[in-house]
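# Inside the fold
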Amino acid sequence: MKIPFLIFLIRACVQLQCDPQKITAHIGGEFVIFCKYNTNNFLYSKKYWCQGESRHTCEILVDSDFPARSKTGRAYIGDLGRRGLFVKVTGLHLEDTGVYWVGIDKINADIMTQVKVVVTEVPVSKPRLWPLNSLADRPTCWGQPVTVRCQCTEGTAVHYSWYQEGDLLHHLSDLQIHCGIVLQDSHFYCVGMNDVSQQESDIISVQVLNSADNSCIYVIRMLADQPIYDCMDRFSTTGATTSCSTVETTSGTITKLHQTNQTDLDSFFSRTWTGVPFWYRLLRWGLLLFLLIFLWTVIKCT
């Protein structure tokens, strides 16, 4: 039984040869198979593209007699005559993985050769990072949060994960950096992955200048296309403000008001009218008023 079967396979290979016989492609892609066949015997025979594990039970998806009548709408078979034939399949899905056959219609037993197709996800590219808030406005200098998005330009069914110093934060494409997670200098990065590959993004460096809850200040360093900035001016200003605002008692409030009043008094007495200090003119008018009252009293008594 084995010898006749081997002879049959050898004859089939001579009658029909296809290349390649194993195809690996990605979702959304396409492939083309070229075949040579015995044009002396089968030039006008029907050729077909068939799907199924068995050559006896496979389902014909398209044939050369009606190439436009593809059952999937994505398969095409073309007979080039003396140059052979070709099969083209486009818009691949994961479900297209399986065993296929290129066949030639023949009385009693068709000439068939097997083709294996494997459809996989598209490998992911290196994730790109960009902030949804403009870093040029320096929102971090005022303790405001910044959202950074991670996305791969290539890849299908991509899943994203964010890490801080190697520790997993969450499985999302967006990361919100805020005072609650930047208590100290840190590094963040994103990983894009699917069933066939994974890639890491560049690192986001965060420098903490002040981690206080009420005056958080930090600086984000990203890619070269993002602006480089610092918050040193804001840091010094906030330090001075913090030293004045740490006292929240009643006495502290009174002290602040006292300082304000003292400032107002200093400003009041430092004014000048036509180059003469205000306090000097006030003293002169006071003395004049005193003299007038004194003279009026003397005259009245006499």
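Note that residues are indexed from 1 along each chain, following the sequence as it is written. It should be noted that, the model being predicted, local features are given only for residues of pLDDT at least 70 and side-chain atom pairs only at 80 or more, the latter also being counted only at that level, while totals for whole chains, interfaces and linings use all residues. For side-chain calculations, the full set of non-hydrogen atoms in the structure is used, while hydrogens and water are omitted.

Under the local residue numbering, the UniProt record ascribes the feature "transmembrane region" (unreviewed entry) to residues 278–299. The span residues 278–299 is 100% helical and 0% strand by assignment, and the distance between its end C-alpha atoms comes to 32 Å. UniProt positions are given in the numbering used here, feature names are shortened, and annotations may be inferred rather than shown by experiment. The helix count covers DSSP runs of H or I at least four residues long, the strand count covers runs of E at least two residues long, and both are numbered beginning at the N terminus.

Next up on the list: the nonpolar core. One finds Trp162, Ile177, Ile204, Tyr218 and Ile220 to be the most contacted residues of the largest nonpolar core, which totals 29 residues. Put simply, the parts of the chain that give this core at least two residues each are β11 (146–151), β12 (159–164), β14 (174–177), β15 (186–193), β17 (204–210) and β18 (217–221). Two residues form a contact once any of their heavy atoms are found within 4.5 Å. Beyond its immediate chain neighbours, meaning those up to four positions away, Ile220 contacts Leu135, Thr140, Val146, Ile177, Ile204, Ser205, Val206 and Tyr229. We call a set of buried Ala, Val, Leu, Ile, Met, Phe, Trp, Tyr and Cys residues a nonpolar core when their side-chain atoms join them within 4.5 Å. Throughout this description, buried means an accessible area under 20% of the type-specific maximum (1.4 Å probe, protein chains only), exposed means over 50%, and partly exposed covers the range between. Counting residues in hydrophobic clusters, the runner-up holds 26 residues, among them Ile23, Tyr37, Leu92 and Tyr100.

Now for the pattern of salt bridges. We count a salt bridge whenever a side-chain nitrogen from Lys or Arg sits within 4 Å of a carboxyl oxygen from Asp or Glu. All chains considered together, the criterion is met by seven salt bridges. Across the salt bridge formed by Lys88 and Glu30, the nearest N and O atoms sit 3.9 Å from each other. Within this pair, whereas Lys88 is found in strand β7 (residues 85–89), its partner Glu30 is found in the loop between β2 (22–26) and β3 (31–37), the two being separated by 58 residues in sequence. A salt bridge links Arg149 to Asp174; the nearest nitrogen and oxygen atoms lie 2.8 Å apart. With Arg149 in strand β11 and Asp174 in strand β14, the pair connects residues that are 25 residues apart, well separated along the chain. Given the relative accessible area of 30%, Arg149 is considered partly exposed. Residue class for Asp174 comes out partly exposed when judged on its relative accessible area of 23%.

For the rest of this paragraph, the subject is the state of the cysteines. In what follows, a disulfide is any cysteine sulfur pair within 2.5 Å. Summed over all chains, the structure comprises five disulfides. In this model, Cys50 is linked to Cys58 through a disulfide, with the two sulfur atoms separated by 1.8 Å. In this structure, the disulfide formed by Cys50 and Cys58 twists by about 115° around the S-S bond and is classed as right-handed. We note that Cys50, like Cys58, is buried. Between the sulfur atoms of Cys150 and its disulfide partner Cys190 the distance amounts to 2.0 Å. Taking the sign of the torsion about the S-S bond as the criterion, the disulfide between Cys150 and Cys190, at about -80°, is left-handed. Of this pair, Cys150 sits in strand β11 while Cys190 is found in strand β15, placing the two residues 40 residues apart along the sequence. Per residue, the accessibility class of Cys150 equals that of Cys190, and both read buried. Along the protein chain, the cysteines that take part in disulfide bonds pair up as 1-2, 3-4, 5-10, 6-8, 7-9, counted in sequence order. Not part of a disulfide, Cys152 finds its nearest cysteine sulfur in Cys150, a span of 5.8 Å.

Another aspect to go through is the sheet that holds strand β1 (residues 16–19). By definition, two strands form a pair when at least two bridges between them are found by DSSP. Sheet architecture is open: four strands sit in the order β1-β3-β7-β6, paired in antiparallel fashion. A single partner strand is all that each edge strand has here, and the edge strands are β1 and β6 (75–79). Direction aside, the axes of adjacent strands within the sheet are offset by 20° on average. Here five bridges tie β3 to β7, and the two strands are oriented antiparallel to one another. When the bridges of β7 are listed, Cys35 appears paired with Leu85. Here an axis means a line fitted to C-alpha atoms, over the contact stretch when the element is a helix, while the angle between two N-to-C directions is reported on a 0 to 180 degree scale.

This part takes up a nonpolar patch on the surface. Side chains of Phe290, Leu291, Phe294, Leu295, Val298 and Ile299 sit close together on the surface and give an oily, nonpolar patch of about 630 Å² of accessible area. As for its position among the elements, Phe294 is in helix α5 (residues 278–301). Excluding any residue in a salt bridge, patches collect residues exceeding 30% relative accessible area, merging like charges within 9 Å and nonpolar Val, Leu, Ile, Met, Phe, Trp and Tyr side chains within 5 Å. Residue burial considers only the protein chains on display, and all accessible areas are found by Shrake-Rupley using a 1.4 Å probe.

Consecutive side chains along a regular strand alternate between the two faces of the sheet. The pairing of strand β10 (residues 128–131) with β11 spans four bridges and is classified as antiparallel. Looking across to β11, one finds that Leu129 is bridged to Cys150. Sheet topology places β11 next to β14; four bridges connect them, and they run antiparallel. By the bridge assignment for β14, Val148 is matched with Leu175.

A separate point is the packing of aromatic side chains. The rule is short: rings of Phe, Tyr and Trp, with Trp giving its six-membered ring, pair when the centres are within 6.5 Å, and they are stacked under 30 degrees, edge-to-face over 60, tilted in between. Under the defined criterion, the tally for this structure stands at five aromatic pairs. Centre to centre, the rings of Phe34 and Phe86 are 6.4 Å apart; their planes meet at 40°, and the pair counts as tilted. In this pair, Phe34 is assigned in strand β3 and Phe86 in strand β7, connecting sequence segments 52 residues apart. On the accessibility criterion, Phe34 (52% relative accessible area) is exposed. Plain terms: the ring middles of Tyr163 and Tyr189 are 5.4 Å apart, the flat faces sit at 10° to each other, and that makes the pair stacked. Placement of the pair is Tyr163 in strand β12 and Tyr189 in strand β15, with a sequence separation of 26 residues. Members of the aromatic cluster, joined through ring pairs, are Phe31, Trp49 and Tyr100. Directly above the ring of Phe66 sits Arg69, whose terminal nitrogen or CZ lies 4.2 Å from the centroid. Each ring is checked for a lysine NZ or an arginine CZ that lies within 6 Å of its centre and within 35 degrees of its normal; such an atom marks a charge sitting over the ring.

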